[in-house]
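So the chains spell out like this:
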Amino acid sequence: MAAEYNVYKAFHQRSITDREGFWAEQGQLIDWHKPWTKVLDYSRPPFAKWYVGGETNLCHNAIDRHLDARADQKALVYLSTEVDVEQAYTYRELHAEVNRCAAILQSLGVAKGDRVIIYMPMIPEAAFAMLACARIGAIHSVVFGGFAASSLAARIDDAKPKLVVSSDAGMRAGKAVPYKHLLDEAIRLSSFPPEKVLLVNRGIDKGMAMVAGRDEDYAELRARHMDAKVPVTWLESNEPSYILYTSGTTGKPKGVQRDVGGHAVALTASMKHIYCGAAGQTMFTTSDIGWVVGHSYIVYGPLLAGMTTILYEGTPIRPDPGIWWKIVQDYKPTVMFSSPTAIRVLKKQDPAYLKKYDVSSIKMLFLAGEPLDEPTHRWISDALEIPVVDHYWQTETGWPILTAVPGIEKTPIKFGSPSFPAYGYDLKLLREADASEAGPDEKAVVAIVPPLPPGVMSTVWGDDDRFVRTYFSTFSKKLVYSTFDWGIRDKDGYHFILGRTDDVINVAGHRLGTREIEEAIQAHSNIAEVAVVGVADALKGQMPVAFAVVKDVSKIATPAARAAHEKEVMATVDRQLGAIGRPARVHFVTMLPKTRSGKMLRRTMQALAEGRDPGDLTTIEDPTALEQIRDALAGR
Ligand code: ATP
Ligand code: MG
């Protein structure tokens, strides 16, 4: 690595060579009811226990701790362009709401260690419920609102919740999305139906039916507990705080279990060292509470840091594509967190929307969730004139694995790169064949040598074996955590993620990452977005097939123009990557199938291209995108 990043390097180095000293210092960032006796217990690899014997509470650290200094500061601002509401809660008010909610949970029989599934739209009660669980030591499991009944049922059966907190409906792009209706169906399908269901009635689904003896009304119970004071339940650092199921992009979702103390320390430390968010400032994270980004950086992270957090219900383009920038102008966040997919959506809109508002409050924008292609990285950096930090992480880790650490040293950004390993991560790029370390610019598996740092998953909920089997058995010779992503490190020490280890195409014996081909296609000036999948081929093993969204559709107006354009794109790949990467076909569509969290459904496209059943499609953002893929494949 280039020598000039010495401050970052020393910080990272110490976090690996003196783990206990390093994390003991970070542990001071939060309040402890009882101090820990041992910073790290790694007597049972790969299971790591952090701050052993220490007692703390996430809700105390996120709310109560700030009451002396900032009771009247806004803690949570709820903004909805779906139902036109703007409502702010100060720390004092948030404290009161969370106490009420905690009292409601207790009145419904929820106690320490019980699971509570939160299946809710982006409304403040969702955050209250999470924090109320944390307060009383109940384990929350937020299930993303877009999931279908069967997906929800599978999560109910795995978590076996005592209570489900839900709502009549959500709103998305102006349309009502039923929640209660789906929940009833999920409970019918479930083998472990919850005893109680707590419902926030937003008045969207007027026909919502309550099940007598099971369903309870939030507003009614809240009124009964207006003055409730629920003392926090102190928890041993390693007790579970929440379960969150992975997106399931690659198969059966895994219940990621997180602890209490390590989680609180890791997020608080990340707010300081990575996001540079200080108490009194505002953070705007555009994710959903159903995803890990929402857990860490809409709810817990900013509140642990004493910041104001923005909970936004709405899309980035309604009422118009300037809405985020208007929110920035109105609420002046200093730090913003979003996804490459959302930025690509905005990139397709009129740039005038960005110039219309004063966005000068934002000092840094962080992006994660998907590879950030260089043109998009460059575009948004130029547009905002601030550092845009691509950072790489997983549901499993809860906070960044690869990132710039500007709170420690402001290292230059390289477009398309999530920079360096975050402190605490002993990250290695390992050759698939023998787990030896790869050299500069050599593509290898991104792996982490355990113990995993605080805040990273403790295990798979209820299944220690699956934790070890899934994450630690990629290499027979070495006990390392596999991210299942490919990466490279350049000579300056910057990392690049090249896609998932199962997104590899084998063309006539050559192994090609789909991302490499996508990047090559993106070099063509008329391509806005592209997905490449490997399609089985009798002769070559697999063939790359591309689905591309063009910027200027007039270039593909006629079949002849289309064919010419396809040739041009192929020629671009030949130049960028060589003929070996040239896709067999480039199909033009106006939209690509993605999950609601913005992840490309490559496996679905691949199944369709191979004429197979695409399987569970419930997380898809817009089903018409699939129709386009089918039509394109059929030559329609
Ligand atoms: P599942 O594990 O259930 O299949 P998933 O992996 O899609 O679901 P997440 O944990 O939300 O669920 O996503 C993490 C993955 O997203 C990473 O492993 C990586 O493939 C991708 N990713 C996240 N951030 C970045 C980034 N900055 N650059 C490139 N890829 C990223
Ligand atoms: Mg994953």
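Cut-off values and rules
Residues numbered from 1 in each chain as written. Chains lettered and ligands numbered in written order. Predicted model: local features only at pLDDT ≥ 70, side-chain atom pairs only at ≥ 80, totals over all residues. Heavy atoms only, no water. Helix = DSSP H or I, 4+ residues; strand = E, 2+ residues; numbered from the N terminus. Rg over C-alpha atoms; globule rule 2.2 N^0.38 Å. Buried < 20%, exposed > 50% of the residue type's maximum accessible area, 1.4 Å probe, protein only. Contact = heavy atoms within 4.5 Å. Areas by Shrake-Rupley, 256 points an atom, 1.4 Å probe, with all protein chains shown as cover. Lys, Arg positive; Asp, Glu negative; His and termini not counted. Charge placed at Lys NZ, Arg CZ, Asp CG, Glu CD. Axes fitted to C-alpha atoms, helices over the stretch in contact; angles between N-to-C directions. Left-handed = near helix turned anticlockwise from the far one by under 90°. Nonpolar A, V, L, I, M, F, W, Y, C, P; charged D, E, K, R; others polar. Salt bridge = Lys/Arg side-chain N within 4 Å of Asp/Glu carboxyl O. Pairing = 2+ DSSP bridges. Right-handed = clockwise from strand over helix to strand, strands pointing away. Phe/Tyr/Trp six-rings, centres within 6.5 Å; stacked < 30°, edge-to-face > 60°. Lys NZ or Arg CZ within 6 Å of the ring centre and 35° of its normal. Core = buried A, V, L, I, M, F, W, Y, C linked by side-chain atoms within 4.5 Å. Arc of directions from axis to C-beta. Domains from an automatic or database assignment. Buried area = accessible area lost by both parts, 1.4 Å probe. Polar contact = N/O pair within 3.5 Å; in protein donor to acceptor, adjacent residues only side chain to side chain.

Draft legend 1. Just the overall build of the chain, in detail. From N to C terminus, the chain includes 20 helices and 32 strands. Over its C-alpha trace the chain gives a radius of gyration of 24 Å, about what one expects of a compact globule, namely 26 Å for 636 residues. Across its three principal directions, the C-alpha atoms of the chain cover 70 × 60 × 50 Å. The 636 residues of the chain split such that 61% are buried. In the chain, the proportion of contacts linking residues at least 24 apart, taken out of those at least 6 apart, comes to 69%. For the chain, the exposed area adds up to about 23600 Å²; of that, 52% sits on carbon and sulfur atoms. Here the chain holds 73 positive side-chain charges and 76 negative ones, and the gap between their average locations is 1 Å.

Draft legend 2. Region of interest: the packing of helix H19 (residues 602-609) against helix H20 (residues 624-633). Closest axis-to-axis distance for the H19/H20 pair is 10 Å, and the angle between their directions is 35 degrees. In terms of crossing hand, the pair formed by H19 and H20 is right-handed. Where H19 abuts H20, its residues Thr604, Met605, Leu608 and Ala609 lie against Leu626, Ile629, Arg630 and Leu633. In terms of residue class, the contact of H19 with H20 is made up of 6 nonpolar, 1 polar and 1 charged.

Draft legend 3. Structural view of the pattern of salt bridges. By the definition in use, this model includes 42 salt bridges. Close ionic contact of Arg318 with Glu82 constitutes a salt bridge, the shortest N to O distance being 3.4 Å. Here Arg318, found in the loop between strand S17 (308-313) and helix H12 (323-331), pairs with Glu82, found in the loop between strand S4 (74-80) and strand S5 (85-90); they are 236 residues apart in sequence, far enough to count as distant. A salt bridge links Glu370 to Arg344, with the nearest nitrogen and oxygen atoms 3.6 Å apart. Of this pair, Glu370 sits in the loop between strand S19 (364-367) and helix H15 (374-384) while Arg344 sits in helix H13 (residues 340-347); the two residues are 26 residues apart in sequence, bridging distant segments of the chain. Among the residues examined, Arg344 registers a relative accessible area of 6% and is labelled buried. Members of the salt-bridge network, linked through shared partners, are Arg344, Lys348, Glu370, Asp373, Glu529 and Lys594.

Draft legend 4. A look at the sheet that holds strand S23 (residues 427-430). Ordered in space as S23-S24-S26-S27, the 4 strands form an open sheet in which the pairing is antiparallel. The open sheet terminates on both sides in strands that have one partner only, identified here as S23 and strand S27 (495-500). Strand-to-strand twist across the sheet, computed as the mean angle between neighbouring axes with direction ignored, equals 45 degrees. Both strand S24 (residues 444-448) and strand S26 (residues 481-489) contribute to a ladder of 4 bridges, which runs antiparallel. Opposite Ile448, over in S26, you have Tyr481 as the bridge partner.

Draft legend 5. Quick look at unusual backbone geometry. A cis geometry characterises the amide bond from Arg318 onward to Pro319, with omega recorded as 0 degrees. Positionally, Pro319 belongs in the loop between S17 and H12. In this structure, Pro451 follows Pro450 across a cis peptide bond, with omega equal to 5 degrees. Relative to the helices and strands, Pro451 resides in the loop between S24 and strand S25 (459-460). For Cys276, which is not glycine, the phi torsion reads 55 degrees and is therefore positive. Tracing the sequence through the fold places Cys276 in the loop between helix H10 (261-273) and strand S16 (282-285). Notably, Glu385 is not glycine yet its phi reads approximately 55 degrees, a positive angle.

Draft legend 6. A look at the side chain of Thr268. Position of Thr268 relative to the elements: it lies in helix H10. Thr268 sits in the buried class, given a relative accessible area of 8%. The contacts of Thr268, once residues within four sequence positions are left out, are Leu29, Ile30, Arg65 and Leu304.

Draft legend 7. Focus on the pairing of strand S32 (residues 585-589). Most of S32 is tucked away, with 4 of its 5 residues classed as buried. Relative to S32, strand S31 (residues 541-550) is paired through 5 bridges, and the arrangement is parallel. What sits directly across from Ala546, in S32, is Val586. In this view, the connection linking S31 to its parallel neighbour S32 by way of helix H18 (residues 559-576) has right-handed handedness.

Draft legend 8. Main features of the packing of aromatic side chains. Evaluated as defined, the whole model comprises 34 aromatic pairs. Measuring from centroid to centroid gives 6.1 Å for Trp23 and Trp50, while their planes differ by 65 degrees, and the two rings are edge-to-face. In this pair, Trp23 sits in helix H2 (residues 19-27) while Trp50 sits in strand S2 (residues 47-52), placing the two residues 27 residues apart along the sequence. Considered together, Trp23 and Trp50 belong to a single accessibility category, that of buried residues. Above the face of the Phe47 ring, Arg44 is positioned so that its terminal group lies 4.2 Å from the ring centre. Here the basic side chain of Lys443 rests over the ring of Trp486, its NZ or CZ set 5.1 Å away from the ring centre.

Draft legend 9. Spatial organisation of the nonpolar core. Judged by nonpolar contacts, the single largest core of 127 residues is most densely connected at Leu131, Tyr275, Tyr300 and Trp399. In terms of residue count, helix H6 (residues 124-136) provides more of this core than any other element does, 10 residues in total. Counting 27 residues, the second-largest nonpolar core is a separate cluster that includes Ile310, Ala342, Leu354 and Ile362.

Draft legend 10. Looking closely at the pairing of strand S10 (residues 175-178). Taken together, the 4 bridges between strand S9 (residues 169-172) and S10 define a ladder with antiparallel strand orientation. Paired with Ala169 across the strands is Pro178, a residue of S10.

Draft legend 11. Just helix H16 (residues 464-471), in detail. Considered for burial, the residues of H16 that qualify are Arg466, Phe467 and Tyr471. Projected down its long axis, H16 shows its buried positions confined to an angular sector of 105 degrees, all on one face. In H16, the exposed positions that point more than 90 degrees away from the buried face belong to Asp465 and Arg469. Among the structural elements, S2, S25 and S26 are those in contact with the buried residues of H16.

Draft legend 12. Local environment of the domain arrangement of the chain. Looking at the chain, the domain boundaries give domain 1 (90-228) and domain 2 (508-633). Domain 1 and domain 2 are separated by 40 Å when their C-alpha centres are compared. Contacts between the two partners involve 6 residues from domain 1 and, on the opposite side, 5 residues from domain 2. Taken as a group, Phe144, Gly146 and Arg172 account for 60% of the area that domain 1 buries against domain 2, more than any other trio of residues on that side. At the surface where domain 1 touches domain 2, the tally comes to 0 salt bridges. The interface formed by domain 1 and domain 2 contains 0 residue pairs in polar contact (both at pLDDT 80 or more).

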